[in-house]
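Letter by letter, the chains look like this.
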Amino acid sequence: MREKTNMATIGFIGLGNMGGPMAKNLAKAGHKLKVFDLSEKAVAALVEAGATKAAKAADVARDVEFVVTMLPAGEHVRSVYLGDNGLIAVANKGTLFIDSSTIDVPSARDVIAAAEKAGMAMIDAPVSGGVGGAEAGTLTFMVGGSDAAFAKAKPVLEQMGKNIFHAGGAGNGQVAKVCNNMILGISMIAVSEAFALGEKLGLDAQTLFDISSTASGQCWSMTSYCPVPGPVPTSPANRDYKPGFSAAMMLKDLRLAQDASKTAKAPTPLGAQAAQLYALMEASGHDGLDFSGIIKLIKGEI
Ligand code: NAD
């Protein structure tokens, strides 16, 4: 059950495909929002939803209780938070920062350490659930940070998501996210190879689905997101692989997993192969397709 939260003043930076609908859900819940994005259009959509526009990123952090950021990558998060004009330099002590971007683990840990050193609290809280989940307020949040920061952030996160997990200390939300998405990338390739092989050998896709989805080969990539049209009517395969979750986004996460695997000296041979296959989709200019479109690469269709 969602906990009740008092209405708060919240800063929000990064109003893109994910951040836009997440911020709208906070505005809808009655919070007072101060927003900033490099895109005027993205800001205008939030102002229409009742938010106040800040002139620059740092202004978002002045006199607010929470700041949420939803930015593309670690370099953007570092540049927004750190330095003389960063959020950490201008926020009141006690402000709680929530970074929901998917970024590299070292950046998440460095920025959280800097925030805590300056007397603020911070969590990394990457999400899964995509744009649909952001719009519906049903995202899954994977949170890294202190118990106190998690407890304080939870009621705010619950207004943007359904499942809120505390994964451990700083950066552990990002660790959970890259591990989960590495499973997803690899399993989608496995399912795609199996359906491509079955087809060549004369096995009907629906028949393979009926058998494998109730046998030991079953996994989310098959049962919820099947890469061939038919068995799962809601999967992107039924709409020419329109995302969904793009192959470019999957490649980003698989590369983050590879960076983490190198740093941790943890071998991830199939994760490395998966990253290389998605890099081929990028090189062929098809990374705008949903990530389940990897089956087209495997079948030699792209
Ligand atoms: P997006 O590109 O649509 O949005 C990013 C926004 O950040 C843009 O509006 C951009 O103008 C803004 N921005 C960039 N640098 C900025 C700066 N310095 N100051 C202010 N604004 C700045 O990306 P998205 O799809 O919303 O993804 C955001 C994050 O969420 C990424 O880390 C992504 O990996 C992650 N994510 C995305 C999805 C998805 O399905 N799209 C799912 C899960 C997680």
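Conventions we followed
- Residues numbered from 1 in each chain as written.
- Predicted model: local features only at pLDDT ≥ 70, side-chain atom pairs only at ≥ 80, totals over all residues.
- Heavy atoms only, no water.
- 1 Å grid on protein atoms, 1.4 Å probe; cavity = no way out; pocket = protein on both sides within 12 Å on 5 of 7 lines; lining within 4 Å.
- Points joined across faces, edges and corners; volume = space filled by probe spheres on them.
- Helix = DSSP H or I, 4+ residues; strand = E, 2+ residues; numbered from the N terminus.
- Nonpolar A, V, L, I, M, F, W, Y, C, P; charged D, E, K, R; others polar.
- Domains from an automatic or database assignment.
- Contact = heavy atoms within 4.5 Å.
- Buried area = accessible area lost by both parts, 1.4 Å probe.
- Salt bridge = Lys/Arg side-chain N within 4 Å of Asp/Glu carboxyl O.
- Polar contact = N/O pair within 3.5 Å; in protein donor to acceptor, adjacent residues only side chain to side chain.
- Buried < 20%, exposed > 50% of the residue type's maximum accessible area, 1.4 Å probe, protein only.
- Arc of directions from axis to C-beta.
- Pairing = 2+ DSSP bridges.
- Right-handed = clockwise from strand over helix to strand, strands pointing away.
- Phe/Tyr/Trp six-rings, centres within 6.5 Å; stacked < 30°, edge-to-face > 60°.
- Lys NZ or Arg CZ within 6 Å of the ring centre and 35° of its normal.

*Asks:* Would you take a moment to explain the layout of surface pockets for this structure?
*Replies:* A water-sized probe rolled over the atoms picks out the places where empty space is left. The volume enclosed by the largest pocket comes to roughly 1,200 Å³. Of all the elements in the fold, those that place two or more residues in the lining of the largest pocket are helix H3 (74-81), strand E7 (127-128), helix H6 (130-136), helix H8 (172-200), helix H10 (220-223) and helix H11 (247-264). Per-element tally for the lining of the largest pocket: the top contributor is H8, with six residues. Among the residues forming the lining of the largest pocket, the class breakdown is 20 nonpolar, 21 polar and four charged. Looking at which domains feed residues into the lining of the largest pocket, each of domain 1 (9-169) and domain 2 (175-298) gives three or more. Volume-wise, the second largest pocket comes out at about 230 Å³. Together, 14 residues line the second largest pocket, and Val 178, Ala 257, Ala 260, Ser 261 and Ala 264 are the ones closest to its centre. Of all the secondary structure elements, the ones that give two or more residues to the lining of the second largest pocket are helix H5 (105-117), H8 and H11. Here the lining of the second largest pocket takes five residues from H11, the largest share from any one element. By residue class, the composition of the lining of the second largest pocket is ten nonpolar, three polar and one charged.

*Asks:* Would you mind showing me how to read the domain arrangement of the chain here?
*Replies:* Often, the extent of an interface is quoted as the loss of accessible area on bringing the components together. Examined at the domain level, the chain breaks down into domain 1 (9-169) and domain 2 (175-298). Between the C-alpha centres of domain 1 and domain 2 the distance comes to 29 Å. The interface of domain 1 with domain 2 comprises twelve residues on the first partner and six residues on the second. Buried area between domain 1 and domain 2, summed over both chains or domains, comes out near 750 Å², and the portion from carbon and sulfur atoms is 70%. On the surface where domain 1 and domain 2 come into contact, there are zero salt bridges. In this structure, the connection of domain 1 to domain 2 is made through three residue pairs in polar contact (both at pLDDT 80 or more). Among the elements of the structure, H5 and E7 are those that each provide at least two residues to the side of domain 1 that touches domain 2. Classifying every residue of the side of domain 1 that touches domain 2 by side-chain character gives eight nonpolar, two polar and two charged.

*Asks:* What is the right way to read unusual backbone geometry from this model?
*Replies:* In this structure, the amide linkage connecting Pro 243 to the following residue, Gly 244, adopts the cis form with an omega of 15 degrees. Within the secondary structure layout, Gly 244 lies in the loop between H10 and H11. Notably, Asp 63 is not glycine yet its phi reads approximately 55 degrees, a positive angle. Relative to the elements of secondary structure, Asp 63 occurs in the loop between strand E3 (52-53) and strand E4 (66-69). Under the relative-accessibility criterion, Asp 63 is labelled exposed at 59%. Backbone geometry places Asp 240, a non-glycine residue, at a positive phi of 55 degrees. Position of Asp 240 relative to the elements: it lies in the loop between H10 and H11.

*Asks:* What am I meant to see in helix H2 (residues 40-48) here?
*Replies:* In an α-helix, one full turn covers 3.6 residues, which means residues spaced three or four apart are oriented alike. Ala 42, Val 43 and Leu 46 are the residues of H2 that are buried. The arc that holds every buried residue of H2, seen down its axis, measures 100 degrees, which confines them to one face. In this structure, H2 carries Glu 40, Lys 41 and Glu 48 as exposed residues pointing more than 90 degrees from its buried face. Those residues of H2 that are buried lie in contact with helix H1 (19-28), strand E2 (32-36) and E3. A positive phi of about 110 degrees marks Gly 50, the residue just after H2.

*Asks:* Quick question: what am I supposed to make of the pairing of strand E9 (residues 161-168) here?
*Replies:* The side chains of a regular strand alternate, residue by residue, between the two faces of the sheet. Sheet topology note: the strand E8 (residues 139-144)/E9 ladder contains six bridges and is parallel. By the bridge assignment, Thr 140 is partnered in E9 with Asn 163. Read as a crossover between parallel neighbours, the route from E8 over helix H7 (residues 147-157) to E9 is right-handed.

*Asks:* Would you mind showing me how to read the packing of aromatic side chains here?
*Replies:* Aromatic ring pairs are reported here in terms of the distance separating the ring centres and the angle at which the planes meet. Scanning all chains against the criterion turns up four aromatic pairs. Between Trp 220 and Tyr 225 the ring centres are 5.0 Å apart and the planes differ by 20 degrees, which places this aromatic pair in the stacked class. Here Trp 220 falls in the partly exposed class, since its relative accessible area comes to 46%. Taking relative accessible area as the criterion, Tyr 225 reaches 12% and is therefore assigned buried. When the centroid spacing of 5.3 Å and the interplanar angle of 25 degrees are considered together, the rings of Tyr 225 and Phe 291 count as stacked. On the criterion of sequence distance, the pair formed by Tyr 225 in the loop between H10 and H11 and Phe 291 in the loop between helix H12 (269-283) and helix H13 (294-298) is long-range, its members being 66 residues apart. Judged by its relative accessible area of 1%, Phe 291 is buried. An aromatic cluster of at least three residues, connected via ring pairs, comprises Trp 220, Tyr 225, Phe 245 and Phe 291. Over the ring of Phe 66 we find Lys 152; its NZ or CZ atom is 5.7 Å from the centre of that ring.

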